[in-house]
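Chain residues, written in single-letter form:
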Amino acid sequence: SAKFTPLPKMAASIGAVVCRALHSRRHGKFLSIGRGLFSGARCLVAEGETHFGFQTVSETEKGEKVYHVFESVAKKYDIMNDSMSLGIHRLWKDILLHQMNPYPGTQLLDVAGGTGDIAFRFINYVRSQWEHQIRQKLKSHQNLSWQEISKSYQEEELKLPGGSQVVVCDINKEMLKVGKQKAQHLGYSEGLSWVVGNAEELPFNDSKFDVYTIAFGIRNVTHIDQALQEAYRVLKPGGRFLCLEFSQVNNPLFSRLYDLYSFQVIPVLGEIIAGDWKSYQYLVESIRHFPAQEEFKAMIEDAGFLKVEYRNLTSGIVAIHSGFKL
Amino acid sequence: MTLMVSVSVVRCPLYPAQRAFHASALLRRVSDEQKQEPPPSSSQQRFESHPPGDQPDQEPQRSHHSYTDQGGEESEDYESEEQLQQRILTAALEFVPAHGWTGDAIAEGAKALGLSVAAAGMFHSDGSELILHFVSQCNSELSNLLEEQQKLVQLGQAEKKKTDQFLRDAVEARLRMLIPYIEKWPQAVSILLLPHNIPSSLNLLTSMVDDMWHYAGDQSTDINWYTRRTVLAGIYNTTELVMMQDSSPDFEETWHFLENRIADAMKMGITAKQVQLTGEALVQGLMGAAVTIKNLAGLNQRR
């Protein structure tokens, strides 16, 4: 498998050509979707093999390699997110929560949620909604005594309003550790649990959760269809699947700029900030290999979800896919 | 129908056979549907542009007769997304007095049906679909009511009412359906006036008014058709507004107001005719006067 040492400008294209040449030598055929050099180019691989960035590895190897990538970046994960996306990832996650619009009492499962970004936002959202609801209730009962009013504000202070709960599940213990530390630091304690688990084989019973989210995690899963089936299994009837993931940019000019930024700037940032060039090279390559919006939507429908829709953010850099188990 | 079908049918042949099966089942169901289904009643289907297709349902115990009653041949286990959405919205109506016309009521409705509260995510968070569903439901109830009354008249069991009495009763019956929700109704009206809802709400209003005039026996084919509907829509809307701030027992003030407005409208119709006749008479009088003056001035003589 090819190792890429970045050369100015043509690095990525050379890399893709090399990749294709290798594959055609080894496997005798390749499939390229004519959408540009590497955005969306998918090489067909033999059984039991999959992609790790632009490399081809066996499926068992991929799991291990991904684990090592995240183990090494765990401590700097949040800082890197901020610097790579110029802070925009916060907006993306906020938009995801807004689309989810969780009702108090929702049970959320956040898979590959390592450092807890989605979980914390969920808790904030549910709390602010609850305060709004209490105010509405109090407005309609104008004759409450002061005692009753103070009681209604104090109620549920120790638990999350309405019994909402979020379970953060991640395959990587290091990421969960960072997440727990963050939770302690920010003061989130109630309604939050941390579980180690594999997205392809979730350690939960059937029909347990109202919402299943996976933010920037599903492209690292070896068997995406299995992860989708597991998502279907653990959701209650009527439950919602939400996936926030990098996707294909639809604007060709913007796509060139984006590619330039991805392959030239991000690994360098990775080296400077996290001391890890290769992990971030893997990151940008894995983005290119992930299926485009429509294809992913079809995969979600295959798993049995209905009313599957997607929404592009930042002209396609990121997309939110949503489906319901009906 | 085409909307539903295109989602499932256009896809890459590389994908597993399961989806192809889904699609063919869907197509078969839809084509069956089209043969069986009678033309949908105008007021109910107006804002739902496609008739229900079908998708296999995961839980057989949730089956029950479909909302639109397709006929005995349809298997009870299959329920389309639209039918499920209808069920959720109907269940949500119960929670409206407590939660208002919002996504919260829809979430409670979903919970009441045994679904997860996340199912409310299928709808807008501002509750628009819930209100439109309710209005459409009321309209079809009204249609049925008027239809029954008409049947009774045709069978000779009841007397045919005069137009103004008929309209008064129809509007009163329709407005009475709002009574259980009257406290939160102002909120609903304001949501219906949002730009993205105006096409649908206007549609529902015009179809309701159309229905009322149809059963009142209107057969006009000229400008009257438009003026009558506009007038009735105006009467309905103003009466609705009065009702929202009426605190008299059993809304007596509102019915009184309605009576006056309809009387006004009738008078207006008569007055318009009178004005026209008067105008004609006046013109003829003037013409006569002009001829007389010309005679007196000797201009009419032919020399």
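Residues numbered from 1 in each chain as written. Chains lettered and ligands numbered in written order. Predicted model: local features only at pLDDT ≥ 70, side-chain atom pairs only at ≥ 80, totals over all residues. Heavy atoms only, no water.

**Student:** Go over the overall build of chain B with me, naming the residues and quoting the values.
**Tutor:** The secondary structure content of chain B amounts to 12 helices and 0 strands. In sequence order, chain B lays out its α and β elements as α-α-α-α-α-α-α-α-α-α-α-α. Excluding contacts between residues fewer than 6 apart, the proportion of contacts in chain B whose partners are at least 24 apart in sequence is 65%. Carbon and sulfur atoms provide 58% of the accessible area of chain B, an area that totals close to 17300 Å². (Helix = DSSP H or I, 4+ residues; strand = E, 2+ residues; numbered from the N terminus. Contact = heavy atoms within 4.5 Å. Areas by Shrake-Rupley, 256 points an atom, 1.4 Å probe, with all protein chains shown as cover.)

**Student:** Can you lay out the environment of Asp82(A) for me, pointing to particular residues and giving the numbers?
**Tutor:** Assignment of secondary structure puts Asp82(A) in helix α3 (residues 77-84). Once residues lying within four places of it in the same chain are set aside, the contact partners of Asp82(A) are Gly87(A), His89(A) and Arg90(A).

**Student:** Help me get a handle on the UniProt feature "domain: COQ9 C-terminal" (unreviewed entry) in chain B, residues and values and all.
**Tutor:** Under the feature "domain: COQ9 C-terminal" (unreviewed entry), the UniProt entry names residues 198-269 of chain B. For residues 198-269 of chain B, the end-to-end C-alpha separation is 30 Å, with 82% helix and 0% strand making up the annotated structure. (UniProt positions renumbered as here; feature names shortened; annotations may be inferred.)

**Student:** Run through helix α11 (residues 223-244) of chain B, naming residues and quoting values.
**Tutor:** For α11(B), spanning 22 residues, the distance from its first C-alpha to its last is 32 Å, which sits close to the expected 32 Å at 1.5 Å a residue. Every buried residue of α11(B) is accounted for by Arg229(B), Leu232(B), Ala233(B), Ile235(B), Tyr236(B), Thr239(B), Glu240(B), Val242(B) and Met243(B). (Expected span 1.5 Å × (residues − 1). Buried < 20%, exposed > 50% of the residue type's maximum accessible area, 1.4 Å probe, protein only.)

**Student:** Can you tell me about the UniProt feature "domain: Ubiquinone biosynthesis protein COQ9 HTH" (unreviewed entry) in chain B, naming the residues and giving the values?
**Tutor:** Here the UniProt-annotated "domain: Ubiquinone biosynthesis protein COQ9 HTH" (unreviewed entry) positions come out as residues 81-111 of chain B. With 84% helix and 0% strand, residues 81-111 of chain B has its two end C-alpha atoms placed 17 Å apart.

**Student:** Give a description of the confidence of the model for chain A that names residues and reports values.
**Tutor:** Residues and elements named next belong to chain A. Scored by pLDDT, chain A comes out at a mean of 82, with 81% of its residues at no less than 70. A low-confidence stretch, residues 1-19 stays under pLDDT 50, and its non-local contacts, those more than four residues away or across chains, total 25 contacts. Note on residues 21-42: pLDDT under 50 across the span, and 42 contacts to partners over four residues away in sequence or across chains. (pLDDT = per-residue confidence, 0-100.)

**Student:** Tell me what's going on with the sheet that holds strand β9 (residues 318-324) of chain A, and back it up with residues and numbers.
**Tutor:** Strands in a sheet are paired, the pairing made by backbone hydrogen bonds, and the direction either parallel or antiparallel. Residues and elements named next belong to chain A. Strand order in the open sheet formed by 7 strands is β5-β4-β3-β6-β7-β9-β8, and the pairing between neighbours is mixed. Because the sheet does not close on itself, it has two edges, and the strands there are β5 (192-196) and β8 (306-313). Between one strand and the next, the sheet's axes are offset by a mean angle of 15°, whatever the strand orientation. In this sheet, β5 lies alongside strand β4 (residues 165-170) in parallel orientation, the contact comprising 5 bridges. Each residue of the ladder has a partner; that of Asp 170, found in β5, is Val 196. Helix-sheet contacts for helix α11 (residues 293-302) involve β7 (235-246), β8 and β9, and the interaxial angle to β8 is about 155°. (Pairing = 2+ DSSP bridges. Axes fitted to C-alpha atoms, helices over the stretch in contact; angles between N-to-C directions.)

**Student:** Give a detailed account of the nonpolar core, specifying residues and quantitative values.
**Tutor:** In this structure, Ile88(B), Trp101(B), Leu130(B) and Trp185(B) are the most contacted members of the largest nonpolar core, which totals 62 residues. Listing elements by their share of this core, those giving two or more residues are α4 (81-93), α6 (103-112), α7 (128-154), α8 (163-176), α9 (185-192), α10 (198-216), α11 and α12 (252-296) of chain B. Excluding anything up to four places from it in sequence, Leu130(B) contacts Leu89(B), Ala92(B), Leu93(B), Val96(B), Trp101(B), Thr102(B), Ala105(B) and Ile106(B). Trp92(A), Val211(A), Leu242(A) and Leu244(A) belong to the second-largest nonpolar core, a separate cluster that totals 34 residues. (Core = buried A, V, L, I, M, F, W, Y, C linked by side-chain atoms within 4.5 Å.)

**Student:** Residues and numbers for unusual backbone geometry, please.
**Tutor:** All names here are of chain A. Residues other than glycine seldom take positive phi values, yet Ser 207 does so here, at roughly 50°. Relative to the helices and strands, Ser 207 resides in the loop between β5 and β6 (209-215). With a phi angle near 55°, Phe 216 is a residue other than glycine that sits in the positive phi range. For Phe 216, the location among the structural elements is in the loop between β6 and α8 (224-234). Judged by its relative accessible area of 10%, Phe 216 is buried.

**Student:** I'd like to hear about the pairing of β7(A), residue by residue, with values.
**Tutor:** Residue and element names in this part refer to chain A. Of all 12 residues making up β7, 11 are buried, and the element is well covered by its neighbours. By the bridge criterion, 6 bridges tie β6 to β7 in an arrangement that is parallel. Looking at the pairing, Val 211 lines up with Arg 240 of β7. In this structure, β7 lies alongside β9, joined through 7 bridges in antiparallel fashion. Directly across from Cys 243, in β9, lies its bridge partner His 321.

**Student:** How would you sum up the pattern of salt bridges? Please name residues and give values.
**Tutor:** Using the criterion set out here, one finds 19 salt bridges over all chains in the structure. In this structure, Asp117(A) and Lys182(A) form a salt bridge, with 2.9 Å as the shortest nitrogen-oxygen distance. Remark: Lys182(A) occurs in helix α7 (residues 173-186) and Asp117(A) occurs in helix α5 (residues 117-140); sequence separation between them is 65 residues. When sorted by exposure, Asp117(A) lands in the same class as Lys182(A), which is buried. For the salt bridge of Asp210(B) with Arg229(B), the shortest nitrogen-to-oxygen distance reads 2.8 Å. Of this pair, Asp210(B) sits in helix α10 while Arg229(B) sits in helix α11, placing them 19 residues apart in sequence. In this structure Asp210(B) comes out as partly exposed when scored by relative accessible area, which is 28%. (Salt bridge = Lys/Arg side-chain N within 4 Å of Asp/Glu carboxyl O.)

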